[in-house]
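Below, each chain spelled out in residue letters.
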Amino acid sequence: MSVVILYGSETGTAEVVSDSISDVLAENHDVSMYDMSEFAVEDLSADDFYVVVCSTYGEGELPTGAEPFAEALDDEKPGLDGVRFAMFGLGDSVYDDTYNRGGEIMAEKLTELGATQVGEHGRHDASSKVSAKVQAAEWAQQISPLISPALR
């Protein structure tokens, strides 16, 4: 089973975090990585496992890099039964009510279409002393064993 990392970013942090996740998961899995703005929703397949990395922008909105993918999900409404994904969100707790909302929005869109979220929803806080790359790598270690189709 291949792992497809999809990232949505405004400033590039989600891409950097995705690289860290990829490094960890590549030890045991075939991994590819795509900017969400360059990935077609019709390519979502139950044959792959998805790791979605999404930042939060503005007033708790999706970043520019995630908007085309989110709009395509809304417009095309693909049936995602059998699709499994893990979510890692980026945000800043200074923005109390909208903290990490980008990742939550993306997870909601996927599950509403039938996809199944597995593992803990990772949430990095830009106000913490922990680097996003380090936290993402630790999170990826926890997600890696959940990817195997035998664990469905």
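Residues numbered from 1 in each chain as written. Predicted model: local features only at pLDDT ≥ 70, side-chain atom pairs only at ≥ 80, totals over all residues. Heavy atoms only, no water.

The protein chain appears in an unreviewed UniProt entry as Flavodoxin family protein from Williamsia marianensis.

**Overview of the nonpolar core**
With 25 residues, the main nonpolar core has Leu-44, Phe-69, Leu-73 and Met-106 as its most contacted residues. Where this core is concerned, the elements lending two or more residues are strand S1 (2–8), strand S3 (48–54), helix H2 (67–76), strand S4 (84–91) and helix H3 (101–112). Ignoring anything within four residues of it in the chain, the contact list for Met-106 reads Met-36, Val-52, Leu-62, Ala-66, Phe-69, Ala-70, Leu-73 and Met-87. Counting residues in each nonpolar core, the second largest holds 21 residues, with Val-17, Ala-86, Trp-139 and Ile-147 among its members. (Core = buried A, V, L, I, M, F, W, Y, C linked by side-chain atoms within 4.5 Å. Buried < 20%, exposed > 50% of the residue type's maximum accessible area, 1.4 Å probe, protein only. Helix = DSSP H or I, 4+ residues; strand = E, 2+ residues; numbered from the N terminus. Contact = heavy atoms within 4.5 Å.)

**What about the environment of Ser-55?**
Along the chain, Ser-55 turns up in the loop between S3 and H2. Its relative accessible area of 9% is what places Ser-55 among the buried residues. The spacing of Ser-55 and Arg-123 is 68 residues in sequence and 9.7 Å in space, taken between C-alpha atoms. Ser-55 has contacts with Gly-8, Ser-9, Glu-10, Ala-14, Glu-61, Pro-63, Leu-90, Gly-102 and Gly-103, leaving out every residue within four places of it along the chain.

**A short note on the packing of helix H1 (residues 13–25) against helix H4 (residues 132–143)**
In contact at an axis separation of 8 Å, H1 and H4 are set at 35° when each is read in the N-to-C sense. You can see that H1 and H4 cross each other, and the crossing is right-handed. On the side of H1, the interface is formed by Val-16, Val-17, Ser-20, Ile-21, Val-24 and Leu-25, while H4 contributes Ala-132, Lys-133, Ala-136, Ala-137, Trp-139, Ala-140 and Gln-141. Residue classes in the contact of H1 with H4 are distributed as ten nonpolar, two polar and one charged. (Axes fitted to C-alpha atoms, helices over the stretch in contact; angles between N-to-C directions. Left-handed = near helix turned anticlockwise from the far one by under 90°. Nonpolar A, V, L, I, M, F, W, Y, C, P; charged D, E, K, R; others polar.)

**Points about the pattern of salt bridges**
One pass over the full model with this rule turns up four salt bridges. Ionic pairing is found between Arg-101 and Glu-108, a salt bridge with its closest N-O pair at 3.0 Å. Assessed through its relative accessible area of 26%, Arg-101 is described here as partly exposed. Classification of Glu-108 by relative accessible area gives partly exposed; the value is 34%. It is possible to trace a salt-bridge network through shared partners that takes in Arg-101, Glu-104, Glu-108 and Arg-123. (Salt bridge = Lys/Arg side-chain N within 4 Å of Asp/Glu carboxyl O.)

**Notes on a negative patch on the surface**
Taken together, the side chains of Glu-42, Asp-43, Glu-59, Glu-61, Glu-67, Glu-71, Asp-75 and Glu-76 define an acidic patch exposed on the protein surface. With respect to the helices and strands, the residue Asp-43 is situated in the loop between strand S2 (30–35) and S3. Given the relative accessible area of 45%, Asp-43 is considered partly exposed. (Patch = residues over 30% accessible without salt bridge, like charges linked within 9 Å, V, L, I, M, F, W, Y side chains within 5 Å. Areas by Shrake-Rupley, 256 points an atom, 1.4 Å probe, with all protein chains shown as cover. Lys, Arg positive; Asp, Glu negative; His and termini not counted. Charge placed at Lys NZ, Arg CZ, Asp CG, Glu CD.)

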